[in-house]
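Inside the fold
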Amino acid sequence: MIGVFDSGVGGLTALRELRRLRPDLDLIYYADTAHLPYGTRSPDTLLRYARRSVTALARMGVEGVLVACGTVSSVVLPRLQRELSLPLWGVVEPAVQMAWHRSRSKRIGVLGTAATVRSRAFERGLSALGSAVTVSRACPLFVSLAENGFTAPTDPVAQAAVAHYLAPMRAAEVDTLILGCTHFPLLAGAISRFLPRVTLVGAGEASAAALCAAQPRVGHGELAVFATDDPQALASQAERILGGHLPCPVRLAPTCKDL
Ligand code: DGL
């Protein structure tokens, strides 16, 4: 059983890909909706929230956790890994690898939350692979748009936000764009309308693909979903994003307030 964790619906982009590639895996999705958004938090606060969520998953018996959150992966993953004995897989390295291999011009854009962009984790990963021109941009409004369903390519609110944030990517002529926040692939249609020739690399999808490739164990395709607040809201968002009826209820998550 593998845990998949994010602040809200963003990690569902990783879960969707995991279930597409490996329908046999047993998965628990854990959304820390009580503390959304993560992208504006300080490293210490992020560490506290992530520690509680990952520990809650560990107590449910998962064998490892896909940290399907660009912010936690960029800012506190090494600290979290040092503290916890459980295997934790982040989204930065798989997204960087995929973007590097897909980019021809090595002009690569990075979108993320404010905390992710400040950390420069994706840029560090890219520069470890070779010489690339990178342009990064924090897009905090994308998280709210994704959480509230303003994601259709023709939605005027989504289009205005995309044009506002992505004008520098167009000017920099990037050929590949890392969606370094797992919420952002939910806006992929609107982003591709604005940057039609640019290859999009979703951090959640890239990490799901990397994890599947390294996951020999077969399960029964079971799914459980937890939210730390308002499970009903997550249930309807998840049905919209996963495209269909959820095979399980969304339950209120056990929290580890002692941590
Ligand atoms: N989906 C998360 C990320 O990848 C968190 C976004 C947020 O809560 O601000 O960064």
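For the structure itself, look to the data block above.
I will try to describe carefully the structure that is included in this document. (Residues numbered from 1 in each chain as written. Predicted model: local features only at pLDDT ≥ 70, side-chain atom pairs only at ≥ 80, totals over all residues. Heavy atoms only, no water.)

Let us now look at the site of the ligand. Looking at the ligand, there are 14 residues lining it, with S7, Y38, G70, T71 and H183 nearest. Y38 is positioned with one of its backbone polar atoms (N or O) 2.7 Å from an oxygen atom of the ligand. A distance of 2.8 Å is found between an oxygen atom of the ligand and a backbone nitrogen or oxygen belonging to G39. Here the ligand has 300 Å² of accessible area as a free molecule, and 99% of this is covered by the chains. Partitioning the shell around the ligand into residue classes produces six nonpolar, seven polar and one charged. (Near = heavy atom within 4 Å. Polar contact = N/O pair within 3.5 Å; in protein donor to acceptor, adjacent residues only side chain to side chain. Areas by Shrake-Rupley, 256 points an atom, 1.4 Å probe, with all protein chains shown as cover. Nonpolar A, V, L, I, M, F, W, Y, C, P; charged D, E, K, R; others polar.)

End to end, helix α2 (residues 43–59) covers 24 Å across 17 residues, agreeing with the expected 24 Å (1.5 Å per residue, within 8%). Taken as a whole, α2 has its buried residues at T45, L46, L47, Y49, A50, R52, S53, V54, T55, A56 and L57. Buried positions along α2 lie against β1 (2–6), β2 (27–31), β3 (64–67), α3 (70–75), α4 (77–83) and β4 (88–89). The first or second residue beyond α2 is G61, which carries a positive phi of 95 degrees. (Helix = DSSP H or I, 4+ residues; strand = E, 2+ residues; numbered from the N terminus. Expected span 1.5 Å × (residues − 1). Buried < 20%, exposed > 50% of the residue type's maximum accessible area, 1.4 Å probe, protein only. Contact = heavy atoms within 4.5 Å.)

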